[in-house]
Amino acid sequence: MSYPGYPPNNQGFPGHPGVQQPGSQLPYPPYPGGNVGQQGYPMPSAYPPGQPSYPQQSPYPPQVGQYPPQQSGQFLPQSGPYAPNPSMYPSSAVPSQYPSSTVAGQYPSTIPSQYPPQASPYPNAQLPSGYAPQSAAYPTQSAYPPNQSATSVYPNMTAGGYDGGSRVPPQAAYPPVSTPAHYQPLSSSPAQKKSNPTLRPVNPFDPRRDAEILRKAMKGFGTDEKSIIQVLAHRVNSQRQEIAIQFKTMFGKDLISDLKSELSGKFEDLVVALMTPTYDFLAKEIHYAIDGIGTNEETIIEIICTASNAEINNIKMAYHKLFGKDLEKELMGETSGAFRRLLVSLCQGQRNESTFVDVASAQTDAQNLLQAGELQFGTDESTFNMILCSRSFCQLQQVFLEYHRLTGRDFEDVVKSEFSGDIENGLRAVVKSVRDKSSYFAKRLHESMAGFGTNDRALIRIVATRCEIDMVDIKNAYMSMYGKSLEADIASDTMDDTSGDYKKCLTALVVG
């Protein structure tokens, strides 16, 4: 006879586990006392007829250490969710060395704590008696022993840093247990602030109407500066470029050329700066700083050392478009030494801009900086250059924190003591930008107006560009640092502006 769906005698699919090939052994021994089917095929079940047929091996792996190791030729209790029936097996199938508590119905009520509990593979099945319901696949572990904190585990730890040379950092320096090792999200580390400008895009925006207003303000005898300020000081740079396009389309004239012919002095410089595309304007400022006799390193530091990767790459493209030269080569020709290497590194625009902090890497960087500076005679500028030019701003904040925990010193003070001249100013600008860029620009604005006279070029550059980025934060930092509002200092420092248009336009950009 033949079974439905089975091939004829002694024929089958190669490798089929249930078919005996001529001259081969069965893949598993028959049940004791059993036999092979009438036509040489194995019985459908390895158990005697009439007995329930359970799979010999559960598809779900047993808990490690929950049962003793299996011995050949013996049938062990099954690892599935259903307790086996001892009457199914011969008496020899249950080894005498197994304690009776491992037989079905007598399982221990708890699972050893050193093994993680597993959820039932059959969620709708009723567990045998003696099993506690499992709700979590893995235990929730604490970073410290029960009823203990970081300070109790590490008695040498203090809030201000390491005590007695202990190398154990505070608990707050490590990420939560639920996050990957060595990493913590941006929210748990000092984060970069969101942009907070005073000047935002106007909506609704009609560039044709603005172009008509500007044409009317410059047509005929005299100039309506109030209308020019009303339009240009309340539009972002991209909207001003649309106005210029519509102005040329409607009247066949270049808007910047017309403004130059109608305005003069510092007010003209400010309006031209507003009408120039942002990256073209910054490229022109760098070119002005390195052109001619001498170099204005402060302008280069302000622009290059505070820029993001995208800003640096856009400035480089704008510089090449305007002057046909490579910005990096131009800077190399005007600077030297460690300062030149700093600018070349920053000009690559390859800083890591990840928002995650690797605490272990920050600790390593802090130790390397300590070895490269305070712990040796002289200073290894390359280590400072590599870390400060390649790490993300968020990562550098953690590096500064780890350095302070190691030494108790502020990192900016370390730079000040280890370097001098242009390289000191450049590195300190990077450190200030990492910590609080708005404070850096607040100081730059104060310096442009302090003392005898005013550095109007720096004042115009910072106000015209930062009003669309973080001028609100700069104003707050200015008030906190100097006890006066930025608007008040601008008003008092532009008293020589006889017409008042320069002051009004600056104030409009700052106030928003």
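Above this text sits the structure in question.
Let me sum up the structure you'll find in this document. All of these numbers come straight from a predicted model, not from anything done at the bench.

So, how was this worked out
Residues numbered from 1 in each chain as written. Predicted model: local features only at pLDDT ≥ 70, side-chain atom pairs only at ≥ 80, totals over all residues. Heavy atoms only, no water. Helix = DSSP H or I, 4+ residues; strand = E, 2+ residues; numbered from the N terminus. Buried < 20%, exposed > 50% of the residue type's maximum accessible area, 1.4 Å probe, protein only. Polar contact = N/O pair within 3.5 Å; in protein donor to acceptor, adjacent residues only side chain to side chain. Contact = heavy atoms within 4.5 Å. Disulfide = S-S within 2.5 Å. Phe/Tyr/Trp six-rings, centres within 6.5 Å; stacked < 30°, edge-to-face > 60°.

Describing the side chain of N237
- For N237, the position within the fold is in helix α4 (residues 237-251).
- We classify N237 as buried; its relative accessible area is 9%.
- A polar side-chain atom of N237 sits 3.3 Å from the main-chain carbonyl oxygen of L274.
- Setting aside its immediate chain neighbours within four residues, N237 contacts L274, T276, P277, T278 and E468.

Looking at the environment of L445
- Residue placement: L445 occurs in helix α16 (residues 421-449).
- A relative accessible area of 0% means that L445 is categorised as buried.
- Each C-alpha atom of the pair L445 and D456 lies 9.9 Å from the other, and the pair is 11 residues apart in sequence.

A word on helix α11 (residues 337-347)
- Residues A338, F339, L342, L343, L346 and C347 constitute the buried set of α11.
- Tucked inside the fold, the buried residues of α11 contact α8 (297-304), α9 (309-323), α10 (327-334), α13 (381-390) and α16.
- Looking one or two places after α11, you find G349, whose phi comes out positive at around 60°.

Observations concerning the state of the cysteines
- The final tally for this structure, using the stated rule, is 0 disulfides.
- There is no disulfide at C389, and the cysteine sulfur nearest it, in C305, is 7.7 Å away.
- Overall, C389 belongs to the buried group, its relative accessible area being 9%.

As for the packing of aromatic side chains
- Applying the stated rule across the entire model yields 8 aromatic pairs.
- Judged by centre distance (4.8 Å) and plane angle (15°), the ring pair of F400 and F411 falls under stacked. In this pair, F400 sits in helix α14 (residues 393-407) while F411 sits in helix α15 (residues 411-418), placing the two residues 11 residues apart along the sequence.
- With relative accessibility at 5%, the residue F400 sits in the buried group.
- Centre to centre, the rings of Y478 and Y482 are 5.0 Å apart; their planes meet at 55°, and the pair counts as tilted.

In short, shape yes, function no, at least from these values alone.
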